[in-house]
Amino acid sequence: MSTNNEPHEDDIAQIRDDIDRVDSEILKLLAERKAFSLRMAREKGLHARPSRDMSREEDLISDRINSGMSHDLDSGLVNRVWREIINDSVRVQQEFLGRSESTPDAITVAIQGIDGSYSHLASQQYFDAKGITPSYVRSSTFAEAIRAVQEGNADVAVLPVENTTSGAISEVYDALLDSQLHFVGDVRFRVRHCLLGVAGASVEGLRRIYCHPQAVTQCSEFLAGLDRVELVYFSDTALSGKRIGEMNDPTVAAIASEEAARLYGLDILKTGIANQEENYTRFVVVSAQPAQVPEGVESKTSIVMAVGNHPGALMDALAVFREADINLVMLESRPIPHNPREELFYLDFDGNISDPVVQSVFDSLTKQLRFLRILGSYPSRDLRPRPLERDVARGEPKGLSAVTAVSPATGIPKGYKLGSRVHKPHNTVIEVAGVKVGGDEMIMIAGPCAVESWDQVMAAAKAVKEAGGSILRGGCFKPRSSPYSFQGLGYEGLEMLVEAGKAYGLPVVTEVLSPEDVDGVAKKADILQIGARNMQNFSLLNAAGRAHRPVLLKRGMSSSLEELLQAAEYILAGGNQQVMLCERGIRTFETSTRNTLDLSAVPVLRRHTHLPIIVDPSHAAGDRDLVAPLALAAQAIGADGIMVEIHPNPEEALSDGPQSLRLDQFENLMGALGFAPSPGKAG
Ligand code: PEP
Ligand code: MN
């Protein structure tokens, strides 16, 4: 036996023998596995099956990681070893089937830049680790690289999002938010900027440097020390290198990678010119399909959220992560286009969408946020073993892969969740430019059916303001039953509506008819209306779900309340948590009114949903004399708001004249409803 401190030579020799024996077993087993792989290739060859089945590979790795953990093996080790084994078996099979790496199963990567650009080098680093040699689609802008993925010309795009010296690359964040692509991976790449020149060039003799703006920020100290040197901006570091090579002028240099110098035959005039020696850029890998991260692989999730505009909103959102014991690793804020009062927050945290703890975080967040979109879960760079207490049963999360935005709709009996009271017991209050919809006080939305002229909309706005109304309505894109009827003034009408709203200090709501117009209308209008005829226009609902404006969703004239709630769910699941529902009458056998106002919708919806409920008696009645009694009934039954059509001269109205209240009628109605008149202009 050995003493405590000095192991016996014989023991050591014995252990070495044992390790040799185990290794020889491992090798024998690997050879046996390879033989099975070849048999599989023969089978696939016979039945012409594609040689690579990514989802089976991920399942297999996940399975091995779990078995490994039961033997106390590190998940990162098992993950790396089995990826190598699988890559080898794919190579064996592809060789057998006579396929090269450029077969259709190889991965195509879109990057901004040419070979030798940092995007190219970062992609190589990312895919090398997976044993994959991709082919590249080289784009000149980030937006073009994203489009390549959206149009199916590339499987993924690799895009820089953050640099340790220059910070967030906002252009990429903004392009990604519009894109609907999913984050499936990320890679931290060490950027080593070099000053490159042609033969005969020297730092002292330089007159011009071609460089990417990011490189200029990251090398600002070095550049500040150069005298009489002009900087010429370039969109791509490697391309600037290539260009100076072609120019062959020793007074011109470029800032690019060592790899670019090698590729384009340039001399390295100086290395290490960045302000910080350790200069890293984080790239994200994005795809049209979300990633399925195997259970047991430590992963990261990226989301984007808007918290709303009240004190403590961000703190409350972050507290949700703290309470769930989830580690936040990145928080970045970006302005929201056309909404200078609020910011979007990008967040990365440790965790996987499929983890019930993360799911419960999303549940909590959707209750308090104005907007939430899940960008994706993907393996963390360093594969640390995950804590065992976080382990969840395998198998269940598969259905989550289709989730593009908020929590999944698994096990929901009625097809809606986020809109339900079960999900969020308390009423949602939507604040629009100081007006609270769904709060303690009922509000009035009024205005013409359609914006027809400057004078008409100004007169209506004045009447709304003076009678104590809160929101100005007016259609600019009109969904008319007949193509020969007045179709609205479009964006010109929208300008008038917005100006009239500003003049009287009223936020405005207007209908949006097509998904393509959502962005354009959201730039100007405070609230987007989706009309009865479009309640189940799912691409319009999806587009509204991505918008940063509240949505007034009208009930379809032949839709059940359940269908209305399911339609609202599309918007909520798309990220936008600000939806108000509107009952506007349904088709029944009764013909004495245009539609039948279903007032029971108010208490029924109230029972099932936390969303604000508006009643529109104008479109229900179709007759101005019926509007007031129906409005009073809507108030009595507890509506959060009433929307009516008014017109300074209803007889001349280009649409819905018969149901539009005259301005004096409107004033009387407002008095009957108990609204206090407001003394003239506010804005
Ligand atoms: C409107 O509000 O002008 C409108 C067209 O309403 P609905 O979609 O309810 O018919
Ligand atoms: Mn109308």
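Bear in mind the structure is a predicted one, so any value in this text is a computation, not a measurement.

Within the protein chain, the regular secondary structure consists of 21 helices and 25 strands. With the principal axes as the frame, the protein chain shows a C-alpha extent of 100 × 70 × 60 Å. Looking at the 683 residues of the protein chain, the share that counts as buried comes to 52%. By sequence separation, contacts in the protein chain at least 24 residues apart represent 75% of the contacts at least 6 residues apart. If you sum the accessible surface of the protein chain, you get close to 31000 Å²; carbon and sulfur atoms cover 50% of it. In the protein chain, 69 side chains carry a positive charge and 91 a negative one; their mean positions are 3 Å apart.

Applying the stated criterion to the full structure yields 24 salt bridges. One salt bridge connects Asp186 with Arg282, and the closest N-O pair in it is separated by 2.9 Å. Taken as a pair, Asp186 in strand β5 (residues 182-190) and Arg282 in strand β11 (residues 280-287) lie far apart in primary sequence, 96 residues in all. The partner of Lys417 in a salt bridge is Asp363, with the nearest N and O atoms 2.8 Å apart. Of the two residues, Lys417 sits in the loop between β15 (371-379) and β16 (430-432) while Asp363 sits in helix α12 (residues 356-368), which places them 54 residues apart along the sequence. Judged by relative accessible area, Asp363 falls into the partly exposed class, the value being 21%.

With respect to the helices and strands, the residue Pro337 is situated in the loop between β13 (328-336) and β14 (339-350). As for Pro337 and Lys523, which are separated by 186 residues in sequence, their C-alpha atoms are 7.8 Å apart.

Taken together, Arg473, Lys478, Pro479, Glu511, Gln529, Gly531, Ala532, Arg533, Lys554, Arg584, His619 and Glu645 make up the full set of residues near ligand 1. A distance of 2.9 Å separates an oxygen atom of ligand 1 from a polar atom in the side chain of Lys478. Between ligand 1 and the protein, one listed contact pairs an oxygen atom with a side-chain N or O atom of His619 at 3.4 Å. Against a free-state accessible area of 300 Å², the protein chains account for coverage of 97% of ligand 1.

Time to look at the side chain of Lys478. The topology assignment puts Lys478 in the loop between β19 (471-473) and α14 (490-504). For the buried Lys478, which has no salt bridge, the nearest side chain bearing the opposite charge is Glu511, at an N-O separation of 4.9 Å. For Lys478, the side chain forms a polar contact with the main-chain oxygen of Cys449, separated by 3.2 Å.

With that settled, the discussion passes to the packing of aromatic side chains. For the structure shown, the criterion picks out ten aromatic pairs. Measuring from centroid to centroid gives 4.9 Å for Tyr126 and Phe127, while their planes differ by 90°, and the two rings are edge-to-face. Of the two residues examined, Tyr126 and Phe127, each falls in the buried class. Clustering of aromatic rings is evident, with ring pairs tying together Tyr118, Phe189 and Phe283. Sitting over the face of the ring of Tyr280, Arg188 holds its NZ or CZ atom 4.3 Å from the ring centroid.

This part is about the sheet that holds strand β12 (residues 299-306). Strand order in the open sheet formed by four strands is β13-β14-β12-β15, and the pairing between neighbours is antiparallel. Edge positions in the open sheet fall to β13 and β15, since each of these has one partner strand only. Sheet twist, expressed as the mean angle between neighbouring strand axes with direction ignored, is 15°. Helix α6 (residues 170-179) rests against β12, β13, β14 and β15 of the sheet, and its axis sits at about 80° to β13.

Below, the discussion takes up the pairing of strand β18 (residues 443-447). The buried count for β18 comes to five of five residues, which makes it a mostly enclosed element. Burial along β18 is two-sided: the face carrying Ile443, Ile445 and Gly447 and the face carrying Met444 and Ala446 are both buried. Here β18 pairs with strand β25 (residues 641-645) via five bridges, running parallel. Note that in β25 the partner of Ala446 across the bridge is Val644. The parallel pair β18 and β19, bridged by helix α13 (residues 454-467), forms a crossover whose chirality is right-handed.

With that settled, the discussion passes to the coordination of the manganese ion (ligand 2). In the first shell of the manganese ion (ligand 2), the protein supplies Cys449 (SG), His619 (NE2), Glu645 (OE) and Asp656 (OD), at 2.1 to 2.4 Å from the metal. Mapped onto the sequence, the residues coordinating the manganese ion (ligand 2) show the spacing C-x169-H-x25-E-x10-D. Taken together, the residues span a long stretch of sequence, with His619 in helix α19 (residues 617-621) and Asp656 in the loop between β25 and α21 (663-673) at a distance of 37 residues. By relative accessible area, His619 is classed as buried at 8%. For Asp656, a relative accessible area of 18% gives the class buried.

Side chains of Val22, Ile26, Leu27 and Leu30 sit close together on the surface and give an oily, nonpolar patch of about 340 Å² of accessible area. With respect to the secondary-structure elements, Val22 resides in helix α1 (residues 9-47).

To continue, consider helix α5 (residues 142-150). Burial in α5 covers these residues: Phe142, Ala145, Ile146, Ala148 and Val149. Along the axis of α5, the buried positions cluster into a sector of 150°, meaning they face one direction only. Against β1 (108-112), β2 (135-139), β3 (156-163), α6 and β11 lie the buried residues of α5. Just beyond α5, the residue with positive phi is Gly152, at close to 80°.

Relative to each other, helix α16 (residues 538-546) and helix α17 (residues 561-573) sit at 40°, their axes nearing to 6 Å. For the element pair α16 / α17, the angle class is oblique. At the point where α16 passes α17, the crossing takes the right-handed sense. Side by side, α16 and α17 meet where Phe538, Leu541, Asn542, Ala544 and Gly545 of the first sit next to Ala567, Tyr570 and Ile571 of the second. Tallied by class, residues from the contact of α16 with α17 come to six nonpolar, two polar and no charged.

This part covers unusual backbone geometry. One non-glycine residue, Arg228, lies in positive phi territory at about 50°. With respect to the helices and strands, Arg228 occurs in the loop between α8 (220-224) and β8 (230-233). Here the phi dihedral of Asp656 falls at roughly 55°; this positive angle occurs in a residue that is not glycine.

Residues Ala313, Ala317, Ala319, Val320 and Phe321 constitute the buried set of helix α11 (residues 313-323). Those residues of α11 hidden inside the fold are in contact with β12, β13, β14 and α12. Positive phi appears at Asp325, one or two residues downstream of α11, with a value of about 60°.

Moving on: the nonpolar core. Counting residues in each nonpolar core, the largest one holds 71 residues, and the members touching the most others are Met444, Leu472, Leu553, Leu581, Val644, Ile646 and Phe666. When sequence neighbours within four positions are dropped, the list of residues in contact with Leu553 reads Ile530, Met535, Leu541, Leu564, Ala567, Ala568, Ile571, Val579, Met580, Leu581 and Cys582. Grouped together as the second largest cluster of nonpolar side chains are 28 residues, Ala110, Val304, Ala306 and Tyr378 included.

Our next topic: the state of the cysteines. Per the stated rule, a full pass over the model turns up zero disulfides. Not engaged in a disulfide, the cysteine Cys211 finds its nearest cysteine sulfur in Cys219; these two sulfurs lie 8.5 Å apart. Assessed through its relative accessible area of 0%, Cys211 is described here as buried.

What counts and how
Each chain carries its own residue numbering, running from 1 in the direction its sequence is written. Both sets of labels track the order of writing: A upward for chains, 1 upward for ligands. Residue-level local features of this predicted model are given only where pLDDT is at least 70; pairs of side-chain atoms are given and counted only at 80 or more, and the full residue set underlies all totals for whole chains, interfaces and linings. No hydrogens and no water enter the side-chain calculation; it runs on all heavy atoms of the structure. Starting at the N terminus, helices and strands are each numbered in turn, a helix being any DSSP run of H or I of at least four residues and a strand any DSSP run of E of at least two. Each residue is placed in one exposure class: buried if its accessible area under a 1.4 Å probe, protein chains only, is under 20% of its type's maximum, exposed if it is over 50%, and partly exposed if it falls in between. Two residues qualify as a contact provided that any one of their heavy atoms is within 4.5 Å of a heavy atom in the partner residue. Working definition of accessibility: Shrake-Rupley area with a 1.4 Å probe, residue cover restricted to the visible protein chains. Working convention for charge: Lys and Arg count positive, Asp and Glu count negative, and His plus the chain ends are omitted. For charged residues, the charge sits on one atom: NZ in Lys, CZ in Arg, CG in Asp, CD in Glu. Salt bridges are identified by distance alone: a Lys or Arg side-chain nitrogen within 4 Å of an Asp or Glu carboxyl oxygen. Put simply, a residue is near a molecule or strand once any heavy atom of it comes within 4 Å of that molecule or strand. In protein, a polar contact requires one atom able to donate a hydrogen and another able to accept it; more generally it is a pair of N or O atoms within 3.5 Å, and residues adjacent in sequence count only if both atoms are side-chain atoms. Put simply, two rings from Phe, Tyr or Trp (the six-membered ring, in Trp's case) pair if the centres are within 6.5 Å, and we call them stacked under 30 degrees between planes, edge-to-face over 60, tilted for the rest. Think of it as a cone above the ring: NZ of Lys or CZ of Arg counts as a charge over the ring if it is within 6 Å of the ring centre and within 35 degrees of the ring normal. By definition, two strands form a pair when at least two bridges between them are found by DSSP. With axes taken as lines fitted to C-alpha atoms, and helix axes fitted only over the stretch in contact, angles between N-to-C directions fall between 0 and 180 degrees. Handedness of a crossover is defined as follows: orient the strands so they point away from the viewer, and if the path from the first strand over the helix to the second runs clockwise, the crossover is right-handed. Only N, O and S atoms count as donors, using a 2.8 Å limit from the metal and a wider 3.2 Å limit for Na, K and Ca, and since water is excluded some coordination spheres may look unfilled. Here the term patch refers to residues with relative accessible area over 30% and no salt bridge, with like charges joined within 9 Å and nonpolar side chains (Val, Leu, Ile, Met, Phe, Trp, Tyr) within 5 Å. Comment: arc refers to directions from the helix axis out to C-beta atoms. Roughly parallel refers to an angle under 35 degrees, roughly antiparallel to one over 145, roughly perpendicular to one between 65 and 115, and oblique to any angle outside these ranges. We call a crossing left-handed when the near helix sits turned anticlockwise from the far one by less than a right angle, and right-handed when that turn is clockwise. In the scheme used here, Gly and all other residues not listed as nonpolar or charged are polar, with Ala, Val, Leu, Ile, Met, Phe, Trp, Tyr, Cys and Pro taken as nonpolar and Asp, Glu, Lys and Arg as charged. Note on terminology: a nonpolar core comprises buried Ala, Val, Leu, Ile, Met, Phe, Trp, Tyr and Cys residues joined through side-chain atoms within 4.5 Å. Any two cysteine sulfur atoms within 2.5 Å of one another count as a disulfide.

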